[in-house]
Amino acid sequence: MKKVYVLLMAVLLCAMMLSACGGGASGSPAVSENPLLIPPVNASRPDTSALAGGAGSATVPPLCSGAQDTNTAAYATEVVRLINVQRSNYNLTNLATQTNIRNAAQKHTIDMACHFFVSHTGSDNSLLEDRLDSFGYFWLVAGENIAAGYSTPSAVVTAWMNSTSGHRENILDPEYTEIGVGYVYNPNDTTRQYHYWTLDLGTR
C-alpha cells in the first residue's frame, strides 16, 4: 500500500509540474518567459511629389531552417480583425489588408526570427520606409509595431493596446488606412522569444 501511495504522489507531482516530467504535449509551441515590446516607429513624407515610387522588385525571402510560417495567414487575419475591433470601439474606420505592406511586414518578421533580434532596423540596415519602398508601397505616412514572445494574436494585440510606448497610438491613429501583419515561429530561437510579429500601417 505504501508503494501505491508513493506512486500516486509521483503522478500528482508530475501532473502539477509538467516541465519536471518531460514538458507539455508533444509539438506544443514554446512560450517565451519574457516577451518583448520596443517603441514603435513612424515615418511621413511632406507631399505626394516625395513618393519614392519603388519598383516593387523585392520578394519575401524563404524561411531559415527550423522556422515556421504555418499559422502566418490565419494569425495575420486574426490580428487585423482584433485591431479593427479596437478601432471600431473608437468610431474609427477599419484598416484594409494590403499585399505590398503585408509582404514588407513578413520579410522583416522572417529577418528577426531567423537572426534572433527585435528591432525596426533590419539585419541589412533597412528601415521601415526602405522596406515599404522596396515592395512598391506608395506611402505618405507609415508606422510599425513589432513584438516577440507573444504566442497568439490576442496576446500580442493586447500587449500593444496596453503599451504606453506608442503602440496603442499607432493602432488607433485615424490617419492610417491600410495594414500588413507578419508572423513567424522559430522553435530554434536561442533568445527564447520564439514568436515574432510585425505590424505595418500606412496611408497612400
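Look a little higher up for the structure.
The following paragraphs examine the structure supplied in this document. Since the model is a prediction, treat every value here as computed from it, not as a measurement. (Residues numbered from 1 in each chain as written. Predicted model: local features only at pLDDT ≥ 70, side-chain atom pairs only at ≥ 80, totals over all residues. Heavy atoms only, no water.)

### Let's talk about unusual backbone geometry
Step number 1: Phi angles above zero are rare outside glycine, and N91 is one such case at about 60°.
Step number 2: Tracing the backbone shows N91 in the loop between α2 (72-88) and β3 (96-97). (Helix = DSSP H or I, 4+ residues; strand = E, 2+ residues; numbered from the N terminus.)

### A few points about the side chain of N145
Step number 1: Inspection of the secondary structure puts N145 in strand β4 (residues 141-148).
Step number 2: Overall, the relative accessible area of 0% leaves N145 in the buried class.
Step number 3: A polar contact of 3.3 Å, which involves the side chain of N145, links it to the backbone oxygen of H167.
Step number 4: There is a polar contact of 3.0 Å between the side chain of N145 and the side chain of N170.
Step number 5: Setting aside residues up to four positions removed in sequence, N145 forms contacts with P40, H120, W160, H167, N170, I171, W197, T198 and L199. (Buried < 20%, exposed > 50% of the residue type's maximum accessible area, 1.4 Å probe, protein only. Polar contact = N/O pair within 3.5 Å; in protein donor to acceptor, adjacent residues only side chain to side chain. Contact = heavy atoms within 4.5 Å.)

### Let's talk about the packing of aromatic side chains
Step number 1: In total, this model carries three aromatic pairs according to the counting rule given.
Step number 2: Here Y75 and W197 contribute two aromatic rings whose centre-to-centre distance is 5.9 Å and whose plane-to-plane angle is 10°, an arrangement assigned as stacked. Here Y75 is found in helix α2, whereas its partner W197 is found in strand β6 (residues 195-203), with 122 residues between them in sequence.
Step number 3: Ring geometry for Y183 against W197: centres 4.4 Å apart, planes inclined by 45°, an arrangement best described as tilted. Taken as a pair, Y183 in strand β5 (residues 178-185) and W197 in strand β6 lie far apart in primary sequence, 14 residues in all. This pair shows no difference in class: Y183 is buried, exactly as W197 is. (Phe/Tyr/Trp six-rings, centres within 6.5 Å; stacked < 30°, edge-to-face > 60°.)

### Considering the pattern of salt bridges
Step number 1: Scanning the model with the defined rule gives four salt bridges in all.
Step number 2: A salt bridge links R45 to D133, with the nearest nitrogen and oxygen atoms 2.8 Å apart. With R45 in the loop between β2 (41-44) and α2 and D133 in helix α4 (residues 128-134), this pair connects stretches of sequence that are 88 residues apart. Accessibility assignment for this pair places R45 and D133 in one class, buried.
Step number 3: Among the salt bridges present, the one from R131 reaches E144, with a minimum N-O distance of 3.0 Å. In this pair, R131 sits in helix α4 while E144 sits in strand β4, placing the two residues 13 residues apart along the sequence. Taken individually, R131 and E144 each receive the classification buried, so the pair is uniform in this respect. (Salt bridge = Lys/Arg side-chain N within 4 Å of Asp/Glu carboxyl O.)

### A short note on α2
Step number 1: For α2, with 17 residues, the first-to-last C-alpha span of 24 Å sits near the 24 Å given by 1.5 Å per residue.
Step number 2: Buried residues in α2 make contact with β3, α3 (99-115), α5 (153-162), α6 (167-171), β5 and β6. (Expected span 1.5 Å × (residues − 1).)

### Concerning the pairing of β5
Step number 1: Burial runs high along β5: eight of the eight residues are buried.
Step number 2: Residues E178, G180, G182 and V184 line one face of β5 and the alternating positions I179, V181, Y183 and Y185 line the opposite face, and both faces are buried.
Step number 3: In terms of strand pairing, β5 meets β6 through eight bridges, oriented antiparallel. Counterpart to V184 in the pairing with β6 is Y196. (Pairing = 2+ DSSP bridges.)

### Examining the nonpolar core
Step number 1: Counting 26 residues, the largest nonpolar core has V79, I83, V156, W160, I179, W197 and L199 as its most contacted members.
Step number 2: Broken down by secondary-structure element, the contributors of at least two residues to this core are α2, β4, α5, β5 and β6.
Step number 3: Setting aside its immediate chain neighbours within four residues, W160 contacts L37, V79, N145, I146, A147, H167, R168, I171, W197 and L199.
Step number 4: If you look at the next biggest cluster of nonpolar residues, it comprises eleven residues, including I110, F117, A148 and V184. (Core = buried A, V, L, I, M, F, W, Y, C linked by side-chain atoms within 4.5 Å.)

### Description of the packing of α2 against α5
Step number 1: The interhelical angle for the contact between α2 and α5, taken along N-to-C directions, is 40°, at an axis separation of 9 Å. The angle between α2 and α5 falls in the class oblique. In terms of crossing hand, the pair formed by α2 and α5 is right-handed. Contacts from Y75, E78, V79, L82, I83 and Q86 of α2 reach α5 at P153, S154, V156, V157, W160 and M161.
Step number 2: Taken together, the residues that form the contact of α2 with α5 break down as nine nonpolar, two polar and one charged. (Axes fitted to C-alpha atoms, helices over the stretch in contact; angles between N-to-C directions. Parallel < 35°, antiparallel > 145°, perpendicular 65-115°, else oblique. Left-handed = near helix turned anticlockwise from the far one by under 90°. Nonpolar A, V, L, I, M, F, W, Y, C, P; charged D, E, K, R; others polar.)

Taken by themselves, the reported measurements are silent on function.
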